[in-house]
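One-letter residues, chain by chain:
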Amino acid sequence: MERRLMRRQSARRCCSYNTLKAWLPILSWLPKYNLKWLKMDVLAGLTVGLTTVPQALAYAEVAGLPVQFGLYSAFMGGFIYTFLGTSKDVTLGPTAIMSLLCSSVVGGEPHRAVLLSLLCGLIQAVMALLRLGFLLDFISFPVIKGFTCAAAVTIGFGQVKNILGIQGVPQQFFLEVYYTFHKIPEARIGDVVLGLICLALLVTLMFMKSSLTSDSDSTCSMYARKVVWAVATMRNAAVVIAASLIAFSWETYGNHVFTITGKTTRGLPPFRPPPTSDTTANGTVISFGEIVEDFGGGLAVIPFMGLLESIAIAKAFASQNDYRIDANQELLAIGVTNIMGSFVSAYPVTGSFGRTAVNSQTGVCTPAGGVVTSVIVLLSLAFLMPAFYYIPKASLAAVIICAVAPMVDYRVVAKMWRIRKLDLLPFFVTFLMSFWEVQYGIVGGIAVSGALLLYSMARPQIEVTDHGVLVMELSSGLTFPATEYLSHTIHTRALQGNEMLDSLCGHISVFPAVYLLVFPQCLRRGLWCWTALTSASSITQ
């Protein structure tokens, strides 16, 4: 009877409204939705949408895919996250880092990029269902910073060729650097001039936005600030539109001055399952297993980096705006977005810091703002694709360079030097190896960071004082990898005489094992050992 009662109670909990709200966070805020929230969500959605369209086109270039794939990847996240997301600010879509990772894994092949989105989504969703979000805690801050700095340099320099208007530059970073400089004499004057003007305008508008103050209370000044803020916020769209009009005017008169995007596929993407096989140019069919094998380590790195980037953004804005998020629910939202995105020819996406910041600053009230953003992207796909033909690649390159430049955080090196110099080791390993292969940089950084963590467990700092009684104080917990080291330290310090040893530990993990390994050796040699445990849980062990 008791078992049946417990099963009934468990079934009731699983099917309760609170459980449903945990899995569908939209049920928490939708009943309270009002006209004021709608107004702010529409305003934020429009603003973010006008930022998303040019960035999505530009990031598709980074991924090595046709520009329409950036828009294919930019609208599904808004719909899915409205139902499953727990942050009002986060916007899901293409990002510079995910585009770089995608490029390194799929090599610019659209079918593989779409399949990669499906597989990444499945991995992320399974992690969410198994509550494996804690695994992200093992990717340390120096590894993240090393990777983002290297990614920014790689992405930014990769766009220099588009600013110069040169062709035939390899994707591998070191070869890219060599051939970019080697082909400078082939640079197109029109692309160089347009690219530099776009860069100058974007930087100017960015500084204008950051220098806005609210000192003056006059109505005229207030409206002027709002206009400057609006123009600066939508600077990417404004610059791309202006550059497209210039390119269109030259092309109309038959002057091919700029390198333009060219023909793009019109209309909305078809809703269909992602391809599970591929066919080469000579007709050879590549099976699903061979494609997965070709993905290699990228299939592990991309889902983790996508989760890490999005959850870090969600936590930052939740702290700033005083609300809480559910990390595992965020994993589920990203996973489902990538799964459903693969049915509309999207490549892997994650949270975007820049667009999330715009969303928050515009005053978004709920995740419903993402629906408006997605509608803007869909309208662009349906009606504006012919206009994208005239977008100069130099203007998209300028947008990308300005987007990734803030990611190069040189000040973090000075901070790590002051706080803990050893953190510079995983930072530089990740940073340097990422120029070779992005995946190797992340894996190498995690390996070094893990080795340092294990070393600190195996070699805890021991402070020894002698006040008639030899006192040894451990700076951290005592775990089994440190037993040999502790035993050696006790022997070398205390075996010179027959002294009482007072060993102070903050916490001794698996105390019986440590006791059996270390302290009997001391007793056999005539040492009196007394262990002071400052944790009740240690005593019970």
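None of the values given here were measured: they were computed from a predicted structure. (Residues numbered from 1 in each chain as written. Predicted model: local features only at pLDDT ≥ 70, side-chain atom pairs only at ≥ 80, totals over all residues. Heavy atoms only, no water.)

## Re the overall build of the protein chain
On a plain count of helices and strands, the protein chain comes out with 26 helices and 8 strands. Taken as a whole, the protein chain presents about 26900 Å² of accessible surface, with 65% of it coming from carbon and sulfur. (Helix = DSSP H or I, 4+ residues; strand = E, 2+ residues; numbered from the N terminus. Areas by Shrake-Rupley, 256 points an atom, 1.4 Å probe, with all protein chains shown as cover.)

## With respect to the packing of helix H12 (residues 189-210) against helix H20 (residues 393-404)
Relative orientation of the contacting elements H12 and H20 amounts to 35°, with a least axis distance of 8 Å. The two elements H12 and H20 meet at a crossing, and its hand is right-handed. Residue-level contacts link Asp-191, Gly-195, Cys-198, Leu-199, Leu-202 and Val-203 of H12 to Ala-394, Ser-395, Ala-398, Val-399, Ile-401 and Cys-402 of H20. Class assignment for the residues of the contact of H12 with H20 results in 9 nonpolar, 2 polar and 1 charged. (Axes fitted to C-alpha atoms, helices over the stretch in contact; angles between N-to-C directions. Left-handed = near helix turned anticlockwise from the far one by under 90°. Contact = heavy atoms within 4.5 Å. Nonpolar A, V, L, I, M, F, W, Y, C, P; charged D, E, K, R; others polar.)

## What about the state of the cysteines?
Inspection of the entire model under this criterion finds 0 disulfides. Cys-102 provides the cysteine sulfur closest to Cys-120, a residue in no disulfide bond, and the two sulfurs are 8.3 Å apart. Owing to a relative accessible area of 1%, Cys-120 belongs among the buried residues under this scheme. (Disulfide = S-S within 2.5 Å. Buried < 20%, exposed > 50% of the residue type's maximum accessible area, 1.4 Å probe, protein only.)

## Remarks on unusual backbone geometry
Its identity as a non-glycine residue notwithstanding, Arg-131 has a phi of 55°, on the positive side. On the secondary structure map, Arg-131 appears in the loop between helix H8 (110-129) and helix H9 (141-158). The exposure class assigned to Arg-131 is partly exposed, which follows from its relative accessible area of 40%. In this structure, Ser-345 takes a positive phi of about 65° despite not being glycine. Tracing the backbone shows Ser-345 in the loop between helix H17 (327-341) and strand S4 (350-351).

## What to know about the side chain of Thr-82
By the element assignment, Thr-82 lies in helix H6 (residues 76-84). From its side chain, Thr-82 meets the backbone oxygen of Gly-78 in a polar contact 2.7 Å long. In this structure, Thr-82 is in contact with Ile-26, Trp-29, Pro-367, Ala-368 and Val-371, ignoring residues within four places of it in sequence. (Polar contact = N/O pair within 3.5 Å; in protein donor to acceptor, adjacent residues only side chain to side chain.)

## Focus: the nonpolar core
Within the largest apolar cluster, 92 residues are counted, with the highest numbers of intra-cluster contacts made by Leu-57, Leu-71, Leu-101, Leu-116, Phe-147, Ile-155 and Phe-295. Beyond its immediate sequence surroundings of up to four residues, Leu-116 is in contact with Cys-102, Val-105, Val-106, Phe-295, Leu-299, Ile-302 and Pro-348. Ranked by size, the runner-up nonpolar core spans 10 residues in total, among them Ala-150, Phe-173, Phe-431 and Phe-435. (Core = buried A, V, L, I, M, F, W, Y, C linked by side-chain atoms within 4.5 Å.)

## So, a nonpolar patch on the surface
There is a patch of nonpolar side chains on the surface, built from Phe-134, Phe-138, Leu-453, Leu-454 and Met-457 and spanning about 500 Å² of accessible area. With respect to the secondary-structure elements, Leu-453 resides in helix H23 (residues 438-458). (Patch = residues over 30% accessible without salt bridge, like charges linked within 9 Å, V, L, I, M, F, W, Y side chains within 5 Å. Salt bridge = Lys/Arg side-chain N within 4 Å of Asp/Glu carboxyl O.)

## Here's the deal with helix H16 (residues 298-321)
Compared with an ideal rise of 1.5 Å per residue, which puts 24 residues at 34 Å, H16 spans 34 Å between its outermost C-alpha atoms and is within 8% of the ideal. Where H16 terminates, the next one or two residues include Asp-322, which has phi positive at roughly 65°. (Expected span 1.5 Å × (residues − 1).)

## Quick word on the environment of Leu-38
Checked against the element boundaries, Leu-38 lands in helix H4 (residues 35-62). With relative accessibility at 39%, the residue Leu-38 sits in the partly exposed group. Sequence separation between Leu-38 and Ala-368 is 330 residues, and the spatial gap between their C-alpha atoms is 8.3 Å.

## Section: the pattern of salt bridges
In total, this model carries 8 salt bridges according to the counting rule given. When the shortest N-O distance is used, the salt bridge between Asp-409 and Lys-145 registers 3.5 Å. Highlighted residues: Asp-409 in the loop between H20 and helix H21 (411-419) and Lys-145 in helix H9, separated in sequence by 264 residues. For Asp-409, a relative accessible area of 19% corresponds to the buried category. Its relative accessible area of 21% is what places Lys-145 among the partly exposed residues.

## A short note on the packing of aromatic side chains
Per the counting criterion, the structure on display carries 15 aromatic pairs. A ring pair is formed by Trp-29 and Tyr-33, whose centres lie 5.8 Å apart and whose planes are at 50°; its orientation type is tilted. With relative accessibility at 12%, the residue Trp-29 sits in the buried group. Consider the rings of Phe-248 and Tyr-390, whose centres lie 5.0 Å apart with planes at 85°: the pair is edge-to-face. Note that Phe-248 is positioned in helix H14 (residues 235-252) and Tyr-390 in the loop between helix H19 (369-388) and H20, a separation of 142 residues in sequence. One cation-aromatic arrangement involves Lys-421 over Trp-417; the distance from NZ or CZ to the ring centre is 4.9 Å. (Phe/Tyr/Trp six-rings, centres within 6.5 Å; stacked < 30°, edge-to-face > 60°. Lys NZ or Arg CZ within 6 Å of the ring centre and 35° of its normal.)

## Some words on the packing of helix H7 (residues 96-106) against H23
Taken N-terminus to C-terminus, the directions of H7 and H23 make an angle of 110°; their axes are 9 Å apart at the nearest point. In terms of orientation, H7 lies roughly perpendicular with respect to H23. Here H7 contributes Leu-100, Leu-101, Ser-104 and Val-105 to the contact with H23, which in turn contributes Val-438, Gln-439 and Ile-442. When its residues are assigned to classes, the contact of H7 with H23 shows 5 nonpolar, 2 polar and no charged. (Parallel < 35°, antiparallel > 145°, perpendicular 65-115°, else oblique.)

## Focus: the confidence of the model for the protein chain
Here the protein chain shows a mean pLDDT of 80. Residues at 70 or above account for 84%. Ranking the helices and strands of the protein chain by mean pLDDT puts H6 first, with 93, and helix H26 (residues 536-540) last, with 36. Confidence drops under a pLDDT of 50 for residues 504-517, and excluding neighbours within four residues, the segment shows 38 contacts in the predicted structure. Contacts of residues 530-541 to residues separated by more than four positions or lying in other chains number 29 contacts, the stretch itself having pLDDT below 50. (pLDDT = per-residue confidence, 0-100.)

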